[in-house]
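# Commentary on secondary and tertiary structure
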Amino acid sequence: MFAGDSAGGNLAAAVAINVTNDASASSDPFRFVSLDYPALQMSDFSNPAYRKYEYGPCLLEKKRMLNLWLYYAFGNLDHYNAFWENLPFDQLDIDQIKKVSESLIPLSFKANVPERAKPDPNRKFVLPDEMRSILLNPMFAPLMAEDEDLASLPPTYILTAEFDVLRDDGLMFAERLKMIGIEVTQSYVSNEEHGFALMVDVFPTAVKELEDFLVFFKKHMA
């Protein structure tokens, strides 16, 4: 299996995509993938979760996540304002935008969310080719993988929490996998935030989540 949470979910998804599309790998390299509130894309910082929890009240709000992504991608914060304003997103082509489209997110998660801000015509930002190649690389941002590269994934378990700017990454990935016929088990916890599942000695919801995952685990390891 490949499993990870948050940044680990990013790595687990990327490795799973890579391995299942490796012609030299065995035909059944692992039984399942498990992703807990994974970070899967750096293209859109204005999806509903980012808009709703831009300033919290959760641990992983927009500023913290943007800092982490920029350091991971480029090793600096040189283009912080451009990404905060979501300017690179508007320079993607339609096929790339479809991979992180709000249409992949269930309607219930888009209710009572601020409207997406319109680009400021006075703000200009040209996305350099070297930056574009990183943002669109599935090994960096698994949501940017082509459907045919996702089609070889095994059954996938995806956990999302409401109070988390990464909520929609998991929701979009789950929807894309379901659309191409991958077996997906989703667990959404409406009253918790990013990281809660690690705190089984504190939160009853974490215990319940562990129990739910064990059902999935036993099914696919039998």
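These lines cover the structure that appears in this document, whether it is placed above or below. Here the structure is a predicted model, which is why all the values come from computation and not from measurement.

Definitions and limits used
- Residues numbered from 1 in each chain as written.
- Predicted model: local features only at pLDDT ≥ 70, side-chain atom pairs only at ≥ 80, totals over all residues.
- Heavy atoms only, no water.
- Helix = DSSP H or I, 4+ residues; strand = E, 2+ residues; numbered from the N terminus.
- Expected span 1.5 Å × (residues − 1).
- Buried < 20%, exposed > 50% of the residue type's maximum accessible area, 1.4 Å probe, protein only.
- Contact = heavy atoms within 4.5 Å.
- Pairing = 2+ DSSP bridges.
- Axes fitted to C-alpha atoms, helices over the stretch in contact; angles between N-to-C directions.
- Salt bridge = Lys/Arg side-chain N within 4 Å of Asp/Glu carboxyl O.
- Core = buried A, V, L, I, M, F, W, Y, C linked by side-chain atoms within 4.5 Å.

## As for helix 1 (residues 7-20)
Owing to its 3.6 residues per turn, the α-helix aligns residues three or four sequence positions apart on the same side. Look at helix 1: 20 Å from first C-alpha to last across 14 residues, which is about the 20 Å you get at 1.5 Å a residue. Every buried residue of helix 1 is accounted for by G9, N10, A12, A13, A14, A16, I17 and T20.

## A short note on helix 8 (residues 167-179)
With 13 residues, helix 8 extends 19 Å from end C-alpha to end C-alpha; this agrees with the ideal 18 Å at 1.5 Å per step. Within helix 8, ten of the 13 residues are buried, which leaves it mostly tucked inside the rest of the structure. By the burial criterion, the buried members of helix 8 are R167, D168, D169, G170, L171, M172, F173, A174, R176 and L177. Its buried side turned inward, helix 8 meets strand 2 (33-36), helix 2 (48-52), helix 7 (147-150), strand 3 (156-163) and strand 4 (184-193). Positive phi appears at G181, one or two residues downstream of helix 8, with a value of about 95°.

## Examining the sheet that holds strand 1 (residues 2-5)
Taken in spatial order, the four strands of this open sheet run 1-2-3-4, and their pairing is parallel. The open sheet has two edge strands, strand 1 and strand 4, and neither has a second partner. Adjacent strand axes in the sheet meet at a mean angle of 10° when their direction is disregarded. Where strand 1 lies against strand 2, four bridges are found, and the strand directions are parallel. Each residue of the ladder has a partner; that of A3, found in strand 2, is S34. Helix 8 contacts strand 2, strand 3 and strand 4 of the sheet and is inclined by roughly 145° relative to strand 3. Sheet strands touched by helix 9 (residues 204-221): strand 2, strand 3 and strand 4. Its angle to strand 3, the strand with the most contacts, is close to 165°.

## Things to note about the pattern of salt bridges
Throughout the structure, instances matching the rule amount to 14 salt bridges. Here K52 makes a salt bridge to E162, at a shortest N to O gap of 3.4 Å. Placement of K52 in helix 2 and of E162 in strand 3 is noted, with a sequence separation of 110 residues between them. Residue classification places E162 among the buried residues on the basis of a relative accessible area of 6%. One salt bridge in this structure joins E54 and K62, with 3.7 Å as the shortest N-O distance.

## What about the nonpolar core?
M42, M65, W69, F83, F173 and L177 are the most contacted members of the largest nonpolar core, which has 52 residues in total. Mapped onto this core, the elements with two or more residues apiece are helix 1, strand 2, helix 3 (62-74), helix 4 (80-84), helix 6 (129-135) and helix 8. Beyond its immediate chain neighbours, meaning those up to four positions away, F83 contacts M42, F45, L66, L70, F74, P88, M131 and L135. Membership of the second largest hydrophobic core comes to eleven residues, among which are Y37, L159, F196 and F213.

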